[in-house]
Structures are given as C-alpha cells and as structure tokens.
Amino acid sequence: MSNKRNLTIFIVLALVAIATVVSWIAASSIKSPAEVAARTAPPTPSPILVPVEERVLSSRVVIRGTARFGLPKPISIIQSALKSDVGVITAVRSRNTQLKEGDVILSASGRPAFVLLGHIPVYRDLVPGISGADVRQFETRLHRMGFEPGPIDGIYDEQTSAAVAKWYGSAGWQPFRATAEQLASIRDLEQKLAVALNNKLAAEAAASAAPRIVDAASINAERANRSAAAEVAAKTAFRDKVVAGRGATKVQRANANAALELAQATVTAAQLTGEVEIQAAINAQEVAKRQANLAADIAARLAADLDASRRRAGVQVPADEIVFLSHLPVRVEQVDVALGDLAKGTIMTVTNNQLVIDSSLPLDIAPLVKSGMGVTIDEPSLGIKATGVVKRVADTPGTDGVDGYHVYLEILVAQTSAVLQGFSLRLTIPIESTDGTVTAVPVSAVSLAADGTSRVRVDNDGTLEYVVVEPGLSADGFVEVTPVNGTVAPGQLVVIGYEDK
C-alpha cells in the first residue's frame, strides 16, 4: 500500500514537471507585436565624423604630353655661282651637337660651311663691290666675332675682304680667292679695254680733224665761187665788146652770149658744189663726235667692269660656305645627309636648347588654361620631376596635329638636368587656387537643405547640429566653407555619412 502511494506521488510530480516545462517553452515562443517589431527593426546608424581642416585648395588639370626641343628649323645649302661644281660632303656635325656662332657645320670638297647669327638668309655670294642689307648683316657678325670689317655700311670693300681673310685663317681655313673663270674674265676684259682705248684715240683724232675739214671745204667753195665769178665777168665784157662792135656777125654775137650763159651756169654749179662739200664736212664732223663719245663710253664701261672684276677677285664668301640662323646657339636635332652626299638642299634640322612639351586639352577644359600658368611636370615611374609654364593654347581645335575634339597646348620647360625629350610625361596645371589656407570640409559633408541653402552637420558636445554655410572652391574632394550662422572651425567634427553599429 505504501509502495503504491509512493508511485502515485512520483507520477504526479513528474506530470507537474512536464507541464511546467511545456508551459515555459510555450511562453518563450509567444511574443507580442511590439516585441516582434522591436526585434525586426534595423539597428540605429552611427554618424561618421571627420575633423574640419585648414588647407590650401587648388583645382587642377592633369594631362599628358611629349617633350621635345623647341623651334625646329631646317638648314639648307644653296649653290654658289663662284664654283662650277657642288661639293661632296666629307664631314658633318652629329645629332645633339651644340652649334654657336662661327662654328663649322660641315665641310665639302675641302671647303667649310659656317653658321652665323642673322635674320636675312643667304641668297647670293658675298664678294667685293656688292652692297646691301645682307652685307651689313655680315659686317655686323664679323665685328661681333672680333674681325673688324671697317665701317658697317653694307658695302663689301677691301677692309671687309681683309676681315674675312683673318676670320677664315683663325678658323684654320684658306679664304676663297679668285677662281680660274674670274681670272680669265679679267684677262679678257683687259684685252677688250686695250682695243677700246685704241678705238677711242682714233675716234678722238677723227673728231679733232673734222673742224679743219669743214674749214677746208669752206675755203675751196669760196675759191671756186670767186673763179666762177671772174669767168662770168670776163665773158660779160667779151660779149659786150662783140655786141658793141659794128663788124660782129650774128654767129659771133650768139657765141658770145652762149659763153656768158655757160659762165653763169658754172657760177651756180660752183656754189652748189661748195655748199654740198661744206655740209658733208659738217656731217662728218658730227659723226666723228658721236663716234668719239661712243668709243669713250665703251672704254669707260670696260674700265669699270675690269675694276669691278679685279675687286671681286679678292677674298670672297661663296653662298654655300655660310648659313645665317635667327637664333644661336642651337643643337643638331637631325642630320639629313651622309658622307659622300652632295652639299646642297636640306642638310640638317636644328632646334634651340629650350625644352617644350606638346600636349592637348579637351574642348571643355581648354578655356580654363591660359598662357603663363605654371605647370608641374613629372613621371613617377621614371623618377622625373620638373616645372614649366604654359606658352601657347591654340585658338581653335584640330591644329598642330591634334584631333578636332582637342586644343593644342605648348608648355615651356624650366631649366632641368633631367632628360625629358621623347618621353611621355604627366602634366599638372593648377587652374584655380584659394588665396592662402581656408576652412575646408570633405565634399560629402555638405548637403542641400529644402530651402536651397548649403549646410554641414557639426558635432557640438555630442549633439549634432546643422550650420548653414557658403561653399567656395572645390578641389581634391574638399570644399571651402564659410559659416553663415553658427561656427565651423578647424578641428570641429562634421558628419560625412553614417554606418551601422
């Protein structure tokens, strides 16, 4: 009996325990709507705070460009009229050679070609007796190099020749003197002048004798006229005697009259002959004068030509032995000839020593870049750093080898020891900058209020407050801000976003 009671009690206690567990499980699985909503809501976001900074803001353009040396210019050699053949190149300067005034750029068939500073290109041989602006330029260069050409008057004279001879000699070259053709021309002119002088003397003698011939013709005419007049007088007296005589026959009278008439005709003929002879003598005199003048002119011209030829036969500068360049010094960029080629036409291209960079700008950026702006030049992978300045921005797109969607940009590189030519380089151009340090916040810290004002959210001792600001220059992810109400100062924290906890 006792055992049965104990079993019953055990069973009851077990049922109670089971009921308790079931009740607890049921209670734990049943939740109120508020509890369910609370458990399923997202977590409260936490603000991301960064400090307000004080910094210099600069807006910039980053592009690329290729470096080269500036002012490329081809050098050409023109043929000299003093030489019968074009020279064969026996030596020529190599690429990257520096050329200064008075240097020899090549030699051809034993003759040099010098480079000098000047704006007027060579277009003729420089020889004694010529004058012009090109001669004045040449005299100026001789003076600069220390070889005095006399007055710098644009006239190639004996003093200029002497200066040229000294210049060539100091450079180790023989000056160019008279050619075989010039000497032959001088000898020919000397012979022609000798003949002309003889002709001049003969013409002068004939002109000198002509007045005497006129006088002689006048005397002869006068003598003939007097003789004819005397004959007429005699025939008149005879006829009168015959007519007056009583014994004269008709035949005698007729003969006397005929004789008188013949004498009178002789007088007329003598007068005409005398006039013709005098006029012929006068005409001959005029011809003699003209021939004398012509002979004198020919002799004078030949004498002048001979003098000029003798002067030109002095020291000369052939056109293929001199090159004028508007800028010196220069460097050889490219050589277009080889040893053995003829020394004519384009032989090389030279540049100045100023590095420039060719680049281009997108159409929307080009108006922001102006001449004179500074440029930072670098290429991290090559360890290159340099500076420059904008020299030129093209007026229209599609020029200087760039496409129609870009505008050409040329940059002058400041002096640097870095080797830049031929490399593609990164170019950074600040196009706008603040005047010193300004209060700046990340761009993401600025938001737009419903009324259109800009604002930032500032942490004031754990409380987040909006402050209306006036934004300024934006660059590098930051924007300049000026508070309109409230305070935004360096070191304060501003909200740039939120993150979940």
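That block above? That's the structure.
Residues numbered from 1 in each chain as written. Predicted model: local features only at pLDDT ≥ 70, side-chain atom pairs only at ≥ 80, totals over all residues. Heavy atoms only, no water.

Draft legend 1. Structural context of the packing of aromatic side chains. Throughout the structure, instances matching the rule amount to 4 aromatic pairs. Look at phenylalanine 114 and tryptophan 167: their rings are 4.5 Å apart centre to centre, the planes differ by 45°, and that puts the pair in the tilted class. Separated by 53 residues along the polypeptide, phenylalanine 114 in strand E8 (residues 111–117) and tryptophan 167 in helix H4 (residues 158–170) bring together distant segments of the chain. A single burial state applies to phenylalanine 114 and to tryptophan 167, both of which are buried. The ring of phenylalanine 478 carries the charged tip of arginine 55 above its face, separated from the ring centre by 3.9 Å. Residue placement shows arginine 455 over the ring face of tyrosine 466; its charged tip is 3.8 Å from the ring centre. (Phe/Tyr/Trp six-rings, centres within 6.5 Å; stacked < 30°, edge-to-face > 60°. Helix = DSSP H or I, 4+ residues; strand = E, 2+ residues; numbered from the N terminus. Buried < 20%, exposed > 50% of the residue type's maximum accessible area, 1.4 Å probe, protein only. Lys NZ or Arg CZ within 6 Å of the ring centre and 35° of its normal.)

Draft legend 2. How the structure looks around the sheet that holds strand E10 (residues 330–335). With antiparallel pairing, 4 strands are arranged side by side in an open sheet as E4-E11-E10-E6. Both outer strands of the open sheet, strand E4 (73–77) and strand E6 (98–99), are each paired with one neighbouring strand and no more. Two elements, E4 and strand E11 (residues 345–351), share 5 bridges in a ladder whose sense is antiparallel. By the bridge assignment, isoleucine 77 is partnered in E11 with glycine 345. (Pairing = 2+ DSSP bridges.)

Draft legend 3. Broad picture of the environment of valine 446. With respect to the secondary-structure elements, valine 446 resides in strand E18 (residues 446–448). On the basis of relative accessible area, valine 446 is assigned to the partly exposed category, the value being 22%. For the pair valine 446 and glutamine 492, spaced 46 residues apart in the sequence, the C-alpha separation amounts to 14 Å.

Draft legend 4. Fine view of unusual backbone geometry. A cis amide bond links leucine 328 with the next residue in sequence, proline 329, at an omega value of 0°. Residue position: proline 329 is located in the loop between strand E9 (322–325) and E10. For aspartate 461, which is not glycine, the phi torsion reads 55° and is therefore positive. Along the polypeptide, aspartate 461 turns up in the loop between strand E19 (454–460) and strand E20 (463–475). Within the chain, aspartate 476 stands out as a residue other than glycine whose phi angle is a positive 55°. Looking at the secondary structure, you find aspartate 476 in the loop between E20 and strand E21 (478–483). When its relative accessible area of 46% is taken as the criterion, aspartate 476 is described as partly exposed.

Draft legend 5. Here's a closer look at the nonpolar core. If you look at the biggest cluster of nonpolar residues, it comprises 27 residues, and the most contacted ones within it are Leu409 and Ile429. Within the residue set of this core, elements represented by two or more residues are strand E3 (58–69), strand E12 (355–362), strand E13 (374–379), strand E14 (384–393), strand E15 (406–413) and strand E16 (424–433). A total of 5 residues in this core trace back to one element, the largest contributor, which is E15. Setting aside anything within four residues of it in sequence, one finds isoleucine 429 in contact with Ser59, Arg60, Val61, Ile63, Val369, Met373, Gly374, Val375, Val390 and Leu409. In terms of nonpolar packing, the next biggest core, distinct from the first, is built from 23 residues, Leu82, Tyr156, Trp167 and Ile322 among them. (Core = buried A, V, L, I, M, F, W, Y, C linked by side-chain atoms within 4.5 Å. Contact = heavy atoms within 4.5 Å.)

Draft legend 6. Seen up close, the sheet that holds strand E7 (residues 104–108). Read across the sheet, 4 strands follow the order E5-E7-E8-E9 without closing on themselves; strand pairing throughout is mixed. The open sheet is flanked by strand E5 (89–92) and E9, the only strands paired with a single partner. Recorded for the sheet is a direction-independent mean angle of 20° between the axes of neighbouring strands. In this sheet, E8 lies alongside E7 in antiparallel orientation, the contact comprising 4 bridges. Residue pairing for E8: serine 107 is matched across the bridge by proline 112. (Axes fitted to C-alpha atoms, helices over the stretch in contact; angles between N-to-C directions.)

Draft legend 7. Broad picture of H4. End to end, H4 covers 18 Å across 13 residues, agreeing with the expected 18 Å (1.5 Å per residue, within 8%). Among the residues of H4, those classed as buried are Thr160, Ser161, Ala163, Val164, Trp167 and Tyr168. Down the axis of H4, the buried set is contained in an arc of 160°. They therefore lie on one face. Away from its buried face by more than 90 degrees, H4 exposes Glu158, Lys166 and Ser170. Packed against the buried residues of H4 are E8 and helix H3 (133–144). The opening residue of H4, the one whose side-chain oxygen lies 3.2 Å from the backbone nitrogen of glutamine 159, is aspartate 157. Positive backbone phi, at 85°, marks glycine 172, one or two positions downstream of H4. (Expected span 1.5 Å × (residues − 1). Arc of directions from axis to C-beta. Polar contact = N/O pair within 3.5 Å; in protein donor to acceptor, adjacent residues only side chain to side chain.)

Draft legend 8. Geometry of a nonpolar patch on the surface. Nonpolar side chains collect at one region of the surface, where Leu382, Val419 and Phe423 lie side by side and expose about 260 Å² of accessible area between them. Relative to the assigned elements, phenylalanine 423 resides in the loop between E15 and E16. Take phenylalanine 423: its relative accessible area is 34%, and that puts it in the partly exposed class. (Patch = residues over 30% accessible without salt bridge, like charges linked within 9 Å, V, L, I, M, F, W, Y side chains within 5 Å. Areas by Shrake-Rupley, 256 points an atom, 1.4 Å probe, with all protein chains shown as cover. Salt bridge = Lys/Arg side-chain N within 4 Å of Asp/Glu carboxyl O.)

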